[in-house]
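Commentary on secondary and tertiary structure
For reference, the chains in residue letters:
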There are 2 protein chains.
Amino acid sequence: MTRRQLHLNAFLMNTGHHEASWRLPESDPYAHVDLAHYVRLARIAERGTFDSLFLADGPQLWSSAGQRPAGALEPITLLTALATATEHIGLIATASTSYNSPYNLARKFATLDHLSAGRAGWNIVTTAGAEAARNFGLDAEPAHAERYARAAEFLDVALKLWDSWEDDAIVADKAAGVWGDDAKIHPPRHRGRFFSVEGALNVPRTPQGYPLLVQAGSSEDGKRFAARYAEAVFTAQQTVEDARAFYADLKARAVAAGRDADHIKVLPGIVPVIGSTEAEARANERVLEDHIVHAHGVDRLERLLHLDPGTLDLDGPLPADLPPESAIEGAKSRYTLVVELARRERLTVRQLIGRLGGGRGHLTFAGTPDQVADTIGLWFESGAADGFNIMPAVLPSGLETFVDHVVPILRTRGLLRTEYGDHHRTLRERYGLPRPANQHVIAPALV
Amino acid sequence: MTRRQLHLNAFLMNTGHHEASWRLPESDPYAHVDLAHYVRLARIAERGTFDSLFLADGPQLWSSAGQRPAGALEPITLLTALATATEHIGLIATASTSYNSPYNLARKFATLDHLSAGRAGWNIVTTAGAEAARNFGLDAEPAHAERYARAAEFLDVALKLWDSWEDDAIVADKAAGVWGDDAKIHPPRHRGRFFSVEGALNVPRTPQGYPLLVQAGSSEDGKRFAARYAEAVFTAQQTVEDARAFYADLKARAVAAGRDADHIKVLPGIVPVIGSTEAEARANERVLEDHIVHAHGVDRLERLLHLDPGTLDLDGPLPADLPPESAIEGAKSRYTLVVELARRERLTVRQLIGRLGGGRGHLTFAGTPDQVADTIGLWFESGAADGFNIMPAVLPSGLETFVDHVVPILRTRGLLRTEYGDHHRTLRERYGLPRPANQHVIAPALV
Ligand SMILES: Cc1cc2nc3c(=O)[nH]c(=O)nc-3n(C[C@H](O)[C@H](O)[C@H](O)COP(=O)(O)O)c2cc1C
Ligand SMILES: Cc1cc2nc3c(=O)[nH]c(=O)nc-3n(C[C@H](O)[C@H](O)[C@H](O)COP(=O)(O)O)c2cc1C
C-alpha cells in the first residue's frame, strides 16, 4: 500500500506574498500583467509535481496603488492561457458568488475544464468589502449571512447547470442527422430567492463533471458552506493546535452532512522563507521586513480591524476595546486570527505588521529545507492538514527554492509523488476524489 | 503609395457555417469543445494573414441539440487559449451587454488584451430572444430599444473603466517604495439608469487602450449605435447594391457623429463554396444541401419569423401577411433580409431553407477561386466593403481552401498583405485605426 500522499497547491501572487516583495532587485514590478511570468511559475510548480496552482481574486482595486502592485488579470482567463502552457497541474481560479451570475460563471468554468482536459477548480468566495459592492450597483456590502445564502443558492444552480447535459447526451449520428439526444439535456428551470435560471447550459458536461470545488470561508457560515459543498478547503492557521481543531471540526461537519471525511481536503497556508541555514533563513526574512513601509501596514491593519485612520500606535499594542467578531461583516475569521495572534504573542503594531507582511495571517515559517519539510510532515501526520497551500514570499525565486530543495525531501520521505503518472489525469483524481455522478442519472445499482 | 488593403476576418464556427456541415464524413461532431480544432483553424487563418478571427456567441442553448451541434465554449476564455497558440492574428469575442455587468466584462477584455499583447476585439451584441433572458432572471426578452439603451450606457461605463488607469500610472519606484501614482487612477464614479460603478478597473490600461469595438446591429438603433462606437461592423448583405447603400449610410452616420469615415470598417459576410471549376463548386454546394433535414429548417425559420409551429408549407411561398419589421423585438434586420430574399427571388420555403443553410442570410457564393476573388474585389472596390467576414461552409477544409487558393490571388492583385510585418502589431493597427487616447489625458497640443 502506498503511503497517504500530501497535496500541494501553489498560491501564486505577482511578485510574491510578502507585501514588500516587489521592491527586491530581482522582482519585476509589472509581473502581474505578464503572461510569461505566470507561465514560468506554472512550469516550476509542475516540475515540483504540485496538485494545483491557485489565483486569488476580487472584482475591485484592492488598497492603494501607491503602496504595492494593485490589480490583477482575471483568473479564469489567465488560467486558460496557462492550461495550454502546462500538461498536468490543476488550475484553480477564484470567483465570487456575490458579483457573478450563475449561468455565465458556470459556463466559464465548464469551458476551462474542457480546454484543460479536466484540470479546472473554483475557489468559491463571497467577497467581503464595500469596494466590490459599489462596482456592481450596490451602495454597501451585503450582510455576511446574505452573502452565504446567495452562495448556497448559486452553487445549487451551478450544479444543476453542470449536470444539465448527461455525459452521453451527444449522439453524433451523422447518417440519421441526429446530433444530440434532447431527452438527455435537462434545463434547470430554477426559480429561487436570488436566481431564476430556466435553460440548460450551452456547454456539454465536462471531463470532471464540474470543477473541483474549493472554499476558504472560516466563519461559522463559511464552515457550514464548506462542509456541504467544498472538496478542498484553504485555511489560515497560526498554530498546529488550532489547525488540528479546525481540521477535526470540518471533517466532522462533512460527515454530519452525509459526506465522506476523505472527500474534503484541508490545506492550511504556509509562507516558507528558506535558507541553507536557519540564520540565513532569518536573514532572508529580515531583508523583506526591512522593505516594509510601516505607514502602509498601519493603513491596511486599520481597514482590516475596521478602525478609523490614525487610531493605531506603531509601537503600542492593539487597542483593548476592539469589537467582537460578530460585529464584523467583512472577513470575520481573519479578523479574529489577527487579533488573537497579536494578543497571544503580545506584539506591538509594528511587530504585528512584520508578522502579517509575509502571509497576511498565514503561517510564516523561516528555516532550512529540512525544517520546512519537518513542519509540513508534522502537520500532515498529526491531523492538522491533508496538504498545504504553498505561498512563497517572493516569486519566482521562493517557489523555485521550495521545488528544488523541499520537494526532494518530501519525495524521499514518501509523502509526495515523484511524477504525475498516467492514471490520474484530472485535478479531482489528483486530490483523490471521485468524479461526481450526474444528478439526473440514476446509479445503475438502483435501477 | 500602397494600395488600400482588404481586411479579412475568419468567422469560426465548430464544423462550419452550413447547418449540415457536421454530417459530412470529414467533420468532427465534437469539434465545438475541442481546443485542437480551434488552434488548427487559427493557424490556418494566420497562414492566410487574416486580420482577425471571430467567435459568435449567446448565453443560451440555441435550438435543439437533436438538429445540429449545440452549445459552444465561452469565447473570451477560448480566445485566450488561442492567444498563446498564435502570434499575430486578432481575436474577436462576442459578448452581450444585456447579460453581463460592465466591471466583469471590461476586465475580461482587458485581460485578453494584455495576454494577447494587443490583439483583443469585442463584438458587442444585445442578444435577441427570450431563451437568454430566462437564464438571467427575466421572464421575457427586454424590448429592442431598451437593449440598445443599456448597450450605450454599458459602453460608456466600459470606456471609463478601460481609461481608469492612465498609461503611465505605474511608477515602480522600488527605492521610494512607491508602486503606482494614485493621481493617475480615475474611478468612474458612474451612476446611471442601468449601472452604478464606483471604482477603477483592477487591470492597468492595455496595449490597445481597449479592445477593438466591433458591432453587427443592422436595425435603426443598431446602426445608430455602430456609428457612435463601432470601429468594425459585420453585416449580412445579399446584393452588392444593398451592401453599397449600407456602407454609404454607415459612413455618413459616423461622419455625422463627428468621426472619421475611415475609422469604421464595414465587413459583409460571405460564405465561399469553392471548386476548381464552377461545376465542381455547385456540386460541393449540392452535397451540403442534400444533408439538410428540412423539418429542422422549417422549425428554425418559423422561430425567426415569429410564426406558430406548423405554419409553413415546405413547397409553398412565405405567407403574404407577415408582420412588419417594427413588430419584431428580436433580430429585426435579419428578419427583413430573409423575407426580402424570399420575395425577390420568389423562393419556396424549401428553396429558402437551402439558401439559408449556408449563411443564415449572408451571401453564399459558389465559384472558382478566381470568381470568389473577383466578387470580393468588386465589392471592395465599388464602395460596398472594407473587407470581408469569411464564413466557410465547412471547417477546417473550407478555410484551408480559401487560404490556399483565394488568398494567393488577392495577394497577387495587391489587395492583401503577404506577411504581417513588424510595425503593425495590435489588432487596431492592422485595421488601420489609431490607438485611442485616454479620456483623462489632455492632448499635449491643447495643454
Ligand atoms: C488561502 C485563502 C485564500 C483566499 N482567497 C480569497 C480570494 O481570492 N478572494 C476573496 O474574496 N476571499 C478570499 N479568501 C477569503 C475567504 O474566502 C473568506 O471570505 C475568509 O476566510 C473569511 O471567512 P468568511 O467568509 O467565512 O467570513 C481567502 C482565504 C484564504 C484562507
Ligand atoms: C456576422 C454577424 C455576427 C453576429 N453575431 C452575433 C452573435 O454572436 N450574437 C448575437 O447575439 N448576435 C449576433 N449578431 C446579430 C447582431 O448583433 C444584431 O443583433 C442583428 O444583426 C440584428 O440587428 P439589431 O440588433 O440591430 O436588430 C450577428 C450579426 C452578424 C451580421
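Before reading on, note that the structure itself is shown above.
Values in this document were obtained by computation on a predicted structure and should not be read as measured data. (Residues numbered from 1 in each chain as written. Chains lettered and ligands numbered in written order. Predicted model: local features only at pLDDT ≥ 70, side-chain atom pairs only at ≥ 80, totals over all residues. Heavy atoms only, no water.)

**Section: the relation of the copies chain B and chain A**
- Between chain B and chain A, which share one sequence, the superposing operator has a rotation angle of 180 degrees and an axial displacement of 0.0 Å; the RMSD is 0.0 Å. The relationship between the two copies is best expressed as a two-fold rotation axis. Taking the C-alpha atom as reference, chain B places A81 of chain B closest to the rotation axis, 2.4 Å from it.
- Interface overlap between copies is the fraction of interface residues in one copy that are interface residues in the other; for chain B against chain A it reaches 100%, indicating a shared surface. (Least-squares fit on C-alpha atoms with pLDDT ≥ 70 in both. Contact = heavy atoms within 4.5 Å.)

**Overview of the pattern of salt bridges**
- Summed over all chains, the structure comprises 61 salt bridges over all chains.
- With a closest N to O distance of 2.9 Å, R350 of chain A and D315 of chain A form a salt bridge. Residue R350 of chain A is found in helix 11 (residues 349-359), and its partner D315 of chain A is found in the loop between helix 9 (294-304) and helix 10 (332-344); the two are separated by 35 residues along the sequence.
- A residue is classified by how much of its surface remains accessible, and R350 of chain A, at 33% relative accessible area, is partly exposed.
- Between E146 of chain B and R193 of chain B there is a salt bridge, with the nearest N and O atoms lying 2.7 Å from each other. Taken together, the residues span a long stretch of sequence, with E146 of chain B in helix 5 (residues 144-162) and R193 of chain B in the loop between strand 7 (190-191) and strand 8 (196-197) at a distance of 47 residues.
- With relative accessibility at 32%, the residue E146 of chain B sits in the partly exposed group.
- By relative accessible area, which is 58% here, R193 of chain B ends up exposed. (Salt bridge = Lys/Arg side-chain N within 4 Å of Asp/Glu carboxyl O. Helix = DSSP H or I, 4+ residues; strand = E, 2+ residues; numbered from the N terminus. Buried < 20%, exposed > 50% of the residue type's maximum accessible area, 1.4 Å probe, protein only.)

**Side note on helix 1 (residues 35-47) of chain A**
- Helix length check: helix 1 of chain A (13 residues) gives 18 Å between terminal C-alpha atoms against 18 Å at 1.5 Å per residue, within 8%.
- Taken together, the buried residues of helix 1 of chain A touch strand 1 (7-12), strand 2 (52-55), helix 2 (75-85) and helix 13 (397-412) of chain A together with helix 2 (75-85) and helix 3 (102-115) of chain B.
- Phi for T49 of chain A, located one or two positions after helix 1 of chain A, is positive at around 40 degrees. (Expected span 1.5 Å × (residues − 1).)

**With respect to the interface of chain B and chain A**
- Counting from both sides, the interface comprises 72 residues of chain B and, opposite them, 72 residues of chain A.
- Run the count over chain B and chain A and you get six salt bridges.
- A salt bridge links R107 of chain A to D57 of chain B; its shortest N-O distance comes to 2.6 Å.
- Counting every contact that joins chain B to chain A gives 51 residue pairs in polar contact (both at pLDDT 80 or more).
- Of all elements in the fold, only helix 2, helix 3, strand 5 (170-173), strand 6 (178-180) and strand 8 of chain B reach the threshold of two or more residues within the side of chain B that touches chain A. (Polar contact = N/O pair within 3.5 Å; in protein donor to acceptor, adjacent residues only side chain to side chain.)

**Observations regarding the environment of P324 of chain B**
- You can see P324 of chain B is positioned in the loop between helix 9 (294-304) and helix 10 (332-344).
- On a C-alpha basis, the gap between P324 of chain B and A283 of chain B in space is 37 Å, while along the polypeptide they are 41 residues apart.

**Focus on the site of ligand 1**
Residues and elements named next belong to chain A.
- Taken together, 22 residues sit near ligand 1, with D57, H144, Y148, A216 and S219 positioned nearest.
- A distance of 3.1 Å separates an oxygen atom of ligand 1 from a polar atom in the backbone of S218.
- In the environment of ligand 1, an oxygen atom lies 2.5 Å from a nitrogen or oxygen atom belonging to the side chain of S219.
- Expressed as a share of its isolated accessible area of 600 Å², the protein-covered part of ligand 1 is 91%.
- At the level of elements, strand 4 (120-125), helix 5 (144-162), strand 10 (232-235) and helix 10 are the ones that each hand at least two residues to the shell around ligand 1.
- Looking at which element gives the most residues to the shell around ligand 1, the answer is helix 10, with three residues. (Near = heavy atom within 4 Å. Areas by Shrake-Rupley, 256 points an atom, 1.4 Å probe, with all protein chains shown as cover.)

**Quick notes on the packing of aromatic side chains**
All names here are of chain A.
- The full count for this structure, using the stated rule, is 30 aromatic pairs over all chains.
- Here the aromatic rings of F50 and F402 are separated by 6.0 Å at their centres, their planes lie at 70 degrees, and the arrangement is edge-to-face. On the criterion of sequence distance, the pair formed by F50 in the loop between helix 1 and strand 2 and F402 in helix 13 is long-range, its members being 352 residues apart. Taken individually, F50 and F402 each receive the classification buried, so the pair is uniform in this respect.
- Through a chain of ring-to-ring contacts, three or more aromatic side chains come together here, namely F109, W122, F154, W162, F194, F195 and Y210.
- The ring of F380 carries the charged tip of R4 above its face, separated from the ring centre by 3.9 Å.
- Against the face of Y210 rests R428, its NZ or CZ located 4.8 Å from the ring centre. (Phe/Tyr/Trp six-rings, centres within 6.5 Å; stacked < 30°, edge-to-face > 60°. Lys NZ or Arg CZ within 6 Å of the ring centre and 35° of its normal.)

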